[in-house]
Amino acid sequence: MPSALFVLMLLAALCSLGCAMSRDEKLKLRNQVVEMFDHAYQNYMDHAYPADELMPLTCRGRVRGLEPSRGDVDDALGKFSLTLIDTLDTLVLLNKTAEFEAAVRRVLSDVRLDNDIVVSVFETNIRVLGGLLGGHSMAVMLKEEGQHMRWYQDELLHMAKDLGLRLLPAFNTSSGLPYPRVNLKYGVRGPESRTGTETDTCTACAGTIILEFAALSRFTGDPVFEAHARRALDFLWEKRQRNSNLVGTTINIHSGEWVRRDSGVGAGIDSYYEYLLKAYVLLGDEQFLQRFNIHYASIMKYISQPPLLLDVHIHKPLLPARTWMDSLLAFFPGLQVLKGDIRPAIETHEMLYQVTKKHNFLPEAFTTDFRVHWAQHPLRPEFAESTYFLYKATGDPYYLEAGRTIMDNLNRFARVPCGFAAMKDVRTGSHEDRMDSFFLAEMFKYLFLLFADPEDLRFDVEDYIFTTEAHLLPLSLSTTPHVSSVPPNQTIPQVEQEELDDSNFDWTCPNTRLLFPDPAFPRNLREPIRSAVDRSCPRPAPYREPGMGAPPLRAQDFMANNPEHLELLRRMGVSLIHLKDGRVQLVQHATQAVSPIAAEDGVRFMQEMMELSSQQQKEQLPPRAIQIVSHPFFGRVVLTAGPAQFGTDLSKSATGVRGFVTVAEPYTGCGEITNGEEVQGHIALLQRGQCMFAEKARHIQKAGAIGGIVVDDNEGSSSDTAPLFQMAGDGRSTDDIALPLLFLFHKEGNILLEALKEYRQVEVLLGDKARDRGEAAIFKGADVREAEEDCQTEATSPTASESEATTTTSGKDGDASPTGGEDVGPAEDVGPAEADAPKADGGEEEEQRVDGAGRSADRLLADWRDDLEAFRQMEKDEL
């Protein structure tokens with residue numbers, strides 16, 4: 001028996017190093033990919049079409065102009081059914097030919113491209129023009145097979161040319177670099193266009209045109225599109241920094257001066273490098289390969305610090321430009337596979353994989369020690385892309401397991417009843433009300449291909465090149481006649497030939513079987529990376545001479561309500577002063593310390609506190625989470641909330657606080673709770689205003705509540721546009737408050753109120769982060785089977801902004817410093833507490849609203865319901 005056990009353990013160990021996945025298991029995962037795609041696509045068609053994108057938390061379409069502006073992100077939306085067009089060739093790849101044919105008919109009958117709307121040239125090119133060309137490629141392929149699309153007469157191609165002509169005015173600059181935006185109806189630089197005044201664009205924005213424009217030229221026979229794209233690439237190449245052979249991130253489209261001179265392979269530059277190499281693959285022009293190889297040599301010399309890829313300055317490439325990386329660089333290992341440089345691809349991918357394991361998703365940005373820098377994750381596909389290409393290159397089943405991890409995390413943390421929701425904060429699991437079109441265009445393509453065998457596909461993907469949006473363009477375009485940007489009698493400039501260190505490796509992709517005769521080789525590369533990411537670096541304890549007693553109090557451990565800590569401060573000569581406005585101030589007098597050593601400890605403590613305060617002012621908010629766990633949500637909806645400086649610290653609670661929500665009366669919580677029997681044992685819902693947060697907490701605690709949620713009374717406020725803050729105390733001790741109190745902005749609070757109105761019994765979990773829906777202990781009693789529930793428009797989670805602010809000022813109810821700041825600091829403000837003053841324009845009304853009986857929750861909910869219906873009607877009229 002012991003020997004058998006040893007054999008089993010040995011087999012398990014070997015499989016963990018890379019056992020081949022069975023065909024049945026791959027089939028199961030492939031079918032799961034299709035089911036996930038169906039869930040996302042069908043919800044878009046049912047709840048959003050013909051809008052550009054689905055808002056999966058509110059189960060409706062995102063229509064530009066009807067939703068609060070998200071800034072530049074909305075420039076991708078042009079009222080042209082973006083998600084449907086972006087998804088066309090995905091349907092064919094997933095063997096959904098009938099759905100593809102129906103989708104093409106919808107595009108032809110419903111989509112208009114002459115809308116009076118300003119859109120991003122870059123996004124419209126890669127998503128819409130690329131989607132139309134990919135759809136055309138698939139339609140032609142299916143028509144040639146003779147079973148589908150026999151009626152097709154190049155209609156998608158005609159639409160693509162129409163769109164290409166609408167984008168061309170953006171290229172009317174002296175440099176040939178396009179304006180970043182164009183009006184689909186009026187072009188640029190006219191009074192009606194509302195654009196054309198921009199001076200800057202990103203390198204990727206100008207350098208990610210060639211594949212789509214060249215394909216359009218070669219499909220239609222009109223060389224004008226390819227000529228403009230080549231001219232833009234030529235200009236960028238000429239403006240590279242000649243010593244480092246790197247390009248900056250942002251360039252002036254008129255003068256060619258670099259506006260931002262930091263250089264990397266992530267946001268702002270990424271697809272410029274990608275398109276140089278892929279333009280060679282698609283078009284066969286060796287000039288593109290030469291340029292890519294020169295850039296690539298500089299990337300590997302200056303930017304690549306395996307496994308990291310760190311931005312540098314183009315004029316001083318040995319000088320780092322930042323200490324963090326953005327998630328868009330996750331495409332680069334896949335590009336290195338196409339280049340044939342497999343070793344650094346394996347190393348960087350492994351680093352990204354370990355970061356993914358730490359945070360469930362790749363944060364939008366993370367530091368060199370793999371901590372969260374920007375916490376959002378809009379369901380980007382770049383890591384899945386590189387995973388697929390590395391599996392193709394190595395055949396290592398390890399990458400199949402990485403793909404499984406991606407799918408599991410999407411289903412566990414991002415799946416909601418109406419699709420998949422982007423992550424607003426990977427630390428808490430809170431959601432954004434967005435599902436970008438690239439999720440359907442890219443993510444499911446790469447995951448399906450990862451688990452598919454050749455016989456599972458109706459065409460050979462090796463006959464196509466993937467654009468940066470994963471649209472499929474046929475390699476046969478390389479044989480189509482075209483007009484080169486270099487005249488036939490002109491050779492490539494000598495300077496380029498001299499710069500290129502030519503070798504066979506630069507011109508051909510190597511045979512990976514010859515590179516890796518030992519199957520363990522990729523694993524040997526990964527092990528050190530895994531150790532580097534997992535390694536913890538504990539802060540060393542300060543040196544103390546023998547016999548000098550216990551170590552001194554550290555700033556990060558200090559608690560202002562701890563009597564022992566206050567006594568230690570006194571012994572170190574540090575005084576803690578409570579100011580009238582609720583702030584706390586630290587002052588140190590060395591002469592008041594009990595000994596010289598204690599005085600030195602006090603100086604050290606003050607220095608640490610200043611460093612800690614400065615550091616935490618720069619850090620992002622670690623918000624709290626309110627997770628709706630009752631039917632029909634089952635933990636799928638997570639609201640972003642701000643904590644209080646008093647009461648239960650949910651970050652120190654493993655289970656959080658769970659209970660049913662009851663609206664307190666009065667709703668403001670500024671007087672004795674009159675519905676105490678209903679509030680007892682429940683989580684009380686309160687409205688902000690009229691009194692201090694701590695006073696609200698004391699009133700509901702007295703009534704027997706186990707927690708509280710305060711909803712902002714500023715109508716329209718949202719965590720999308722306003723920074724979260726800590727709710728401060730009232731200037732006196734709050735040690736008596738033992739329950740947790742969380743804050744929701746108006747929009748997020750409205751979601752909770754609507755759920756309460758619709759379902760009456762709404763149970764929530766207050767925690768420092770969302771809990772996994774698969775944890776039976778957390779969601780006991782909830783039917784967590786993945787049966788599809790009817791989408792409830794009223795019971796949802798908020799939209800989210802692209803970034804979170806990290807500072808805030810004091811305001812009503814005692815708004816404090818950003819969440820994550822310490823309670824005290826040397827002469828630092830720690831949350832001034834102010835009571836609300838009556839509003840100048842509505843004081844009497846405010847008084848009536850919060851009198852003894854309070855404004856009824858039913859009246860509030862009815863008003864919100866009316867607003868929602870009006871909004872729906874506006875949306876219907878617009879569509």
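Draft legend 1. Spotlight on the overall build of the protein chain. Looking only at helices and strands, the protein chain features 27 helices and 29 strands. The proportion of buried residues among the 879 residues of the protein chain is 59%. Here the protein chain displays about 35700 Å² of accessible surface, and carbon together with sulfur accounts for 51% of that area.

Draft legend 2. Region of interest: the pattern of salt bridges. Within this structure, the stated rule accounts for 49 salt bridges. Two residues, D75 and R64, come together in a salt bridge whose shortest N-O distance is 3.1 Å. On the criterion of sequence distance, the pair formed by D75 in the loop between strand 2 (60-62) and helix 3 (82-93) and R64 in the loop between strand 2 and helix 3 is long-range, its members being eleven residues apart. Here D75 falls in the buried class, since its relative accessible area comes to 9%. Among the salt bridges present, the one from D369 reaches R371, with a minimum N-O distance of 3.1 Å. With relative accessibility at 43%, the residue D369 sits in the partly exposed group. Residue class for R371 comes out exposed when judged on its relative accessible area of 56%.

Draft legend 3. Representation of the sheet that holds strand 29 (residues 763-767). What the seven strands build is an open sheet, ordered 24-23-29-25-26-27-28; its pairing is mixed. Sheet topology places strand 24 (637-641) and strand 28 (741-744) at the edges, where each strand pairs with a single neighbour. Shown here is a sheet whose adjacent strand axes are inclined to one another by a mean of 30°, direction ignored.

Draft legend 4. Quick peek at the packing of helix 9 (residues 224-238) against helix 10 (residues 270-283). Where helix 9 meets helix 10, the closest approach of the two axes is 12 Å, and the angle between their N-to-C directions is 130°. By the criterion of interaxial angle, the relationship of helix 9 to helix 10 is oblique. Judged by the sense of rotation from one axis to the other, the crossing of helix 9 with helix 10 is left-handed. Contact residues: E226, R230, L233, L236 and W237 in helix 9; Y272, L276 and L283 in helix 10. Classifying every residue of the contact of helix 9 with helix 10 by side-chain character gives six nonpolar, no polar and two charged.

Draft legend 5. Representation of the packing of helix 5 (residues 121-145) against helix 6 (residues 155-167). Two elements in contact, helix 5 and helix 6, have axes whose closest approach is 8 Å; the angle formed by their N-to-C orientations is 160°. Judged on the interaxial angle alone, helix 6 and helix 5 are roughly antiparallel. In this structure, helix 5 crosses over helix 6, and the sense of that crossing is left-handed. Contact residues: T124, N125, V128, L129, L132, L133, G135 and H136 in helix 5; L156, L157, M159, A160, L163 and L167 in helix 6. Split into classes, the residues belonging to the contact of helix 5 with helix 6 amount to ten nonpolar, four polar and no charged.

Draft legend 6. Structural context of the state of the cysteines. By the definition in use, this model includes three disulfides. A disulfide bridge connects C59 with C418, and the sulfur atoms are separated by 2.1 Å. With the S-S dihedral at roughly 95°, the linkage between C59 and C418 falls on the right-handed side. Residue C59 is found in the loop between strand 1 (53-55) and strand 2, and its partner C418 is found in the loop between strand 15 (415-416) and strand 16 (419-420); the two are separated by 359 residues along the sequence. Among the residues examined, C59 registers a relative accessible area of 8% and is labelled buried. What pairs with C202 in a disulfide is C205, and their sulfur atoms sit 2.1 Å apart. Residues C202 and C205 are joined by a disulfide whose S-S torsion is about 90°; by sign, that bridge is right-handed. In this structure, C202 and C205 share a single accessibility class: buried.

Draft legend 7. Looking closely at the packing of aromatic side chains. Here the structure, examined in full by the defined rule, presents 27 aromatic pairs. Aromatic side chains Y44 and Y49 sit 6.3 Å apart centroid to centroid with 80° between the ring planes, which places their arrangement in the edge-to-face category. Each member of the pair, Y44 as well as Y49, carries the same accessibility label: buried. Linked through ring pairs, F37, Y41, F420, F439 and F444 together constitute an aromatic cluster. Stacked on the ring of W237, the Lys or Arg R240 has its end atom at 3.8 Å from the ring centre. One residue, R322, lies across the ring of W324, its end atom 4.1 Å from the ring centre.

Draft legend 8. Focus on the nonpolar core. With 171 residues, the main nonpolar core has F100, Y273, M351, L410 and F420 as its most contacted residues. Top element by residues in this core is helix 5. It accounts for eleven residues. Apart from the residues lying within four places of it in its own chain, the contact partners of Y273 are L246, V247, S263, G264, V265, F292, H295, I299 and L335. Core analysis: the second largest hydrophobic core is formed by 26 residues, V663, V711, L744 and A755 among them.

Draft legend 9. Just helix 3, in detail. Here helix 3 lies mainly inside the structure; twelve of its twelve residues are buried. Looking one or two places after helix 3, you find N95, whose phi comes out positive at around 65°.

Draft legend 10. Looking closely at the side chain of E442. For E442, the position within the fold is in helix 16 (residues 437-451). Here E442 sits buried without a salt bridge, and the closest side chain of opposite charge, R127, lies 7.1 Å off (N-O distance). The residues touching E442, leaving out its near neighbours within four places in the chain, are P381, T468, E469 and A470.

Draft legend 11. The layout of surface pockets, seen in detail. Roughly 1400 Å³ of volume is contained in the second largest pocket. E123, A267, G268, L328 and R380 are the residues nearest the centre of the second largest pocket, which is lined by 48 residues in total. Secondary structure elements with two or more residues in the lining of the second largest pocket: helix 5, strand 5 (200-202), helix 7 (203-207), helix 10, strand 12 (324-326), helix 14 (382-394) and helix 16. Among the elements that take part in the lining of the second largest pocket, helix 5 stands out by supplying four residues, more than any other.

Draft legend 12. Quick look at empty space enclosed by the protein. Under the defined criterion, the tally for this structure stands at five cavities of 30 Å³ or more. Volume-wise, the largest cavity comes out at about 150 Å³. F361, L362, H377, R380 and F383 are, among the 15 residues lining the largest cavity, the residues nearest its centre. Mapped by element, the contributors of at least two residues to the lining of the largest cavity are helix 14 and helix 15 (398-414).

Draft legend 13. View of the sheet that holds strand 7 (residues 258-260). Here three strands make up an open sheet; going across it, the order is 5-6-7 and the pairing antiparallel. Each of the sheet's edge strands pairs with one partner strand only, and the pair in question is strand 5 and strand 7. Strand-to-strand twist in this sheet, taken as the mean axis angle between neighbours without regard to direction, amounts to 35°. Sheet topology note: the strand 6 (residues 250-252)/strand 7 ladder contains two bridges and is antiparallel. By the bridge assignment, I251 is partnered in strand 7 with W258.

Draft legend 14. Broad picture of the confidence of the model for the protein chain. Here the protein chain averages 80 in pLDDT, while 76% of its residues score no lower than 70. Confidence over residues 1-17 falls short of pLDDT 50; this stretch has two contacts with residues more than four positions distant or in other chains.

Draft legend 15. Seen up close, the environment of A102. Within the secondary structure layout, A102 lies in helix 4 (residues 97-110). In the structure, A102 is positioned 47 residues away from M149 in sequence and 9.9 Å away in space, judged by C-alpha atoms.

Rules used throughout
Residues numbered from 1 in each chain as written. Predicted model: local features only at pLDDT ≥ 70, side-chain atom pairs only at ≥ 80, totals over all residues. Heavy atoms only, no water. Helix = DSSP H or I, 4+ residues; strand = E, 2+ residues; numbered from the N terminus. Buried < 20%, exposed > 50% of the residue type's maximum accessible area, 1.4 Å probe, protein only. Areas by Shrake-Rupley, 256 points an atom, 1.4 Å probe, with all protein chains shown as cover. Salt bridge = Lys/Arg side-chain N within 4 Å of Asp/Glu carboxyl O. Pairing = 2+ DSSP bridges. Axes fitted to C-alpha atoms, helices over the stretch in contact; angles between N-to-C directions. Parallel < 35°, antiparallel > 145°, perpendicular 65-115°, else oblique. Left-handed = near helix turned anticlockwise from the far one by under 90°. Contact = heavy atoms within 4.5 Å. Nonpolar A, V, L, I, M, F, W, Y, C, P; charged D, E, K, R; others polar. Disulfide = S-S within 2.5 Å. Phe/Tyr/Trp six-rings, centres within 6.5 Å; stacked < 30°, edge-to-face > 60°. Lys NZ or Arg CZ within 6 Å of the ring centre and 35° of its normal. Core = buried A, V, L, I, M, F, W, Y, C linked by side-chain atoms within 4.5 Å. Lys, Arg positive; Asp, Glu negative; His and termini not counted. 1 Å grid on protein atoms, 1.4 Å probe; cavity = no way out; pocket = protein on both sides within 12 Å on 5 of 7 lines; lining within 4 Å. Points joined across faces, edges and corners; volume = space filled by probe spheres on them. pLDDT = per-residue confidence, 0-100.

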